Amino acid sequence: MADFTALFGAPSARAPPRPSAPPPESAPPSKKRKRQKGKKPAASGEPSAAPAPAPAKKSAGDAARAQLAGARFRHINELLYTQGSAESVALFEREPGFFDAYHEGFRLQAARWPVNPVHLVTRWLRAQPETWVVGDLGCGDAEIARSVPHRVHSFDLVANNERVTACDIARLPLADRSLDVAVFCLALMGSNYVDFLREARRVLKPRALLKIAEVSSRFANLPAWLAMLDGLGFELLDRDGSNSHFLLFTFRKRAAAPPPAPVAAVPLKPCIYKRR
């Protein structure tokens, strides 16, 4: 145990001090209360303002639930990027709640972005003829259909509202040459994403447009990826790299039939969220 007398010194034997005389009643107090800078004292009889309540703190239960929801989102997100679309369809059939859990986590992630690419796509669509028929492939909660005057066919793995048709977007329930524009907004997920592009070519009219928005970091070899799109029968019209997070592309479907030889798939990096 520490020797406190060594730290502070032993007490000396001194006579007790004489009590000092009490101060006269008229004497002011020895210490003055400091006035807070920038604030005036309250007038006599006026109640002082109550202090602002402290912000509510998250309980341990809330923090645990948020952590669990984040882990669940990251797990589902990784599966969607690394497995085939047929496997993802089967996953949501077995676990219907996974789709809502994923999209809730996705909305939280999107709230941190400097711009949401869905808004860029809808702004672009509003400048196009309203007679166009649009296919939103991998639509989420069908925000594009809610935001533009066009007729929009919205497809995703699960129909979470009346605007969405549930399907595997590698096999769309649309007739050949029925769309004026097909949109993939952060939707090239899955190990077979090239099948989605081939299906888009099937349902697009000759010389119709393909709009793609993707995370910039997914493109390990952008020239090879663009060459693959060319081999699938899509001519690049515009590439917008002005945003720090996303790339936006506009392609036109060539009127000529695609070459019969299969095109080698160029992989995209999965977009995996790290634990914070």
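It should be noted that the structure appears before, not after, this text.
Just so it is clear, the structure is predicted and the values come from calculations on it, not from any experiment.

Peer 1: Tell me about the overall build of the chain, and please be specific about residues and values.
Peer 2: Broken down by element type, the chain carries 8 helices and 7 strands. Burial statistics for the chain: of 276 residues in total, 39% are counted as buried. Put simply, of all contacts in the chain between residues at least 6 apart along the chain, 66% involve residues at least 24 apart. A total of about 17,800 Å² of accessible surface is found on the chain, and carbon and sulfur atoms cover 55% of it.

Peer 1: How would you sum up the side chain of Asp-136? Please name residues and give values.
Peer 2: Take Asp-136: it is sitting in strand S1 (residues 133-137). In this structure Asp-136 is buried but unpaired, with Arg-146 as the nearest side chain of opposite charge at 8.8 Å.

Peer 1: Before we move on, could you go through the sheet that holds strand S6 (residues 234-240) and cite the residues and values that matter?
Peer 2: Pairing in this open sheet of 7 strands is mixed, and the strands run S3-S2-S1-S4-S5-S7-S6 from one edge to the other. Strand pairing shows two members of the sheet lacking a second neighbour, strand S3 (164-166) and S6, which therefore form its edges. Strand-to-strand twist in this sheet, taken as the mean axis angle between neighbours without regard to direction, amounts to 20°. With 7 bridges connecting them, strand S5 (residues 204-215) and strand S7 (residues 246-253) associate as antiparallel partners. Within the sheet, the bridge partner assigned to Val-215 lies in S7 and is Phe-246. Helix H5 (residues 117-126) rests against S1, strand S4 (179-185), S5 and S7 of the sheet, and its axis sits at about 165° to S4.

Peer 1: Can you tell me about the nonpolar core, naming the residues and giving the values?
Peer 2: In this structure, Ile-76, Leu-125, Ile-144, Val-181, Val-183 and Cys-185 are the most contacted members of the largest nonpolar core, which totals 37 residues. Mapped onto this core, the elements with two or more residues apiece are helix H2 (60-82), helix H3 (85-94), helix H4 (97-110), H5, helix H6 (143-147), S4, S5 and S7. Grouped together as the second largest cluster of nonpolar side chains are 36 residues, Phe-155, Ala-170, Phe-196 and Phe-251 included.

Peer 1: A description of the environment of Phe-251 should follow, citing residues and the corresponding values.
Peer 2: As for its placement among the helices and strands, Phe-251 is situated in strand S7. Looking at Phe-251, the relative accessible area reads 1%, which means it is buried. With residues near it in sequence (within four places) discarded, Phe-251 still touches Ala-208, Leu-209, Leu-210, Ile-212, Trp-225, Leu-226, Leu-229, Phe-234, Glu-235, Leu-236 and Leu-237.

Peer 1: Run through the pattern of salt bridges, naming residues and quoting values.
Peer 2: Under the criterion given, the structure shown has 12 salt bridges. Glu-162 is paired through a salt bridge with Arg-163; the nearest N and O atoms lie 3.9 Å apart. Across the pair Arg-202 and Glu-199 runs a salt bridge whose closest N-O atoms are separated by 2.8 Å. Here the residue Arg-202 and the residue Glu-199 both occupy positions in helix H7 (residues 193-203), the gap between them amounting to 3 residues, near one helical turn. Members of the salt-bridge network, linked through shared partners, are Glu-104, Arg-107, Asp-141 and Arg-146.

Peer 1: Can you lay out the packing of H7 against helix H8 (residues 222-231) for me, pointing to particular residues and giving the numbers?
Peer 2: How two helices pack is summed up by the angle between their axes together with the distance between the axes. Direction vectors running N to C along H7 and H8 enclose 40°, while the axes themselves pass 11 Å from each other. By the angle between their axes, H7 is oblique relative to H8. The handedness of the crossing between H7 and H8 is right-handed. Taking contact as the criterion, the partners of Tyr-193, Val-194 and Leu-197 in H7 are, on H8, Trp-225, Met-228 and Leu-229. For the contact of H7 with H8, a count of residues per class yields 6 nonpolar, no polar and no charged.

Peer 1: Report on the pairing of S4, specifying residues and quantitative values.
Peer 2: S4 sits mainly inside the fold: 7 of its 7 residues count as buried. Note: S1 against S4, 3 bridges, orientation parallel. When the bridges of S4 are listed, Asp-136 appears paired with Val-183. The pairing of S4 with S5 spans 6 bridges and is classified as parallel. When the sheet's bridge partners are listed, Val-183 is paired in S5 with Lys-211. One crossover worth recording links S4 to the parallel S5 by way of H7, and it is right-handed.

Peer 1: For the side chain of Ser-154, give the residues involved together with the corresponding values.
Peer 2: Summarising the element assignment, Ser-154 is placed in strand S2 (residues 151-156). Not counting residues up to four positions away in its chain, the partners in contact with Ser-154 are Asp-136, Cys-139, Ala-142, Ala-145, Arg-163, Val-164 and Thr-165.

What counts, and where the lines are drawn
Residues numbered from 1 in each chain as written. Predicted model: local features only at pLDDT ≥ 70, side-chain atom pairs only at ≥ 80, totals over all residues. Heavy atoms only, no water. Helix = DSSP H or I, 4+ residues; strand = E, 2+ residues; numbered from the N terminus. Buried < 20%, exposed > 50% of the residue type's maximum accessible area, 1.4 Å probe, protein only. Contact = heavy atoms within 4.5 Å. Areas by Shrake-Rupley, 256 points an atom, 1.4 Å probe, with all protein chains shown as cover. Lys, Arg positive; Asp, Glu negative; His and termini not counted. Salt bridge = Lys/Arg side-chain N within 4 Å of Asp/Glu carboxyl O. Pairing = 2+ DSSP bridges. Axes fitted to C-alpha atoms, helices over the stretch in contact; angles between N-to-C directions. Core = buried A, V, L, I, M, F, W, Y, C linked by side-chain atoms within 4.5 Å. Parallel < 35°, antiparallel > 145°, perpendicular 65-115°, else oblique. Left-handed = near helix turned anticlockwise from the far one by under 90°. Nonpolar A, V, L, I, M, F, W, Y, C, P; charged D, E, K, R; others polar. Right-handed = clockwise from strand over helix to strand, strands pointing away.

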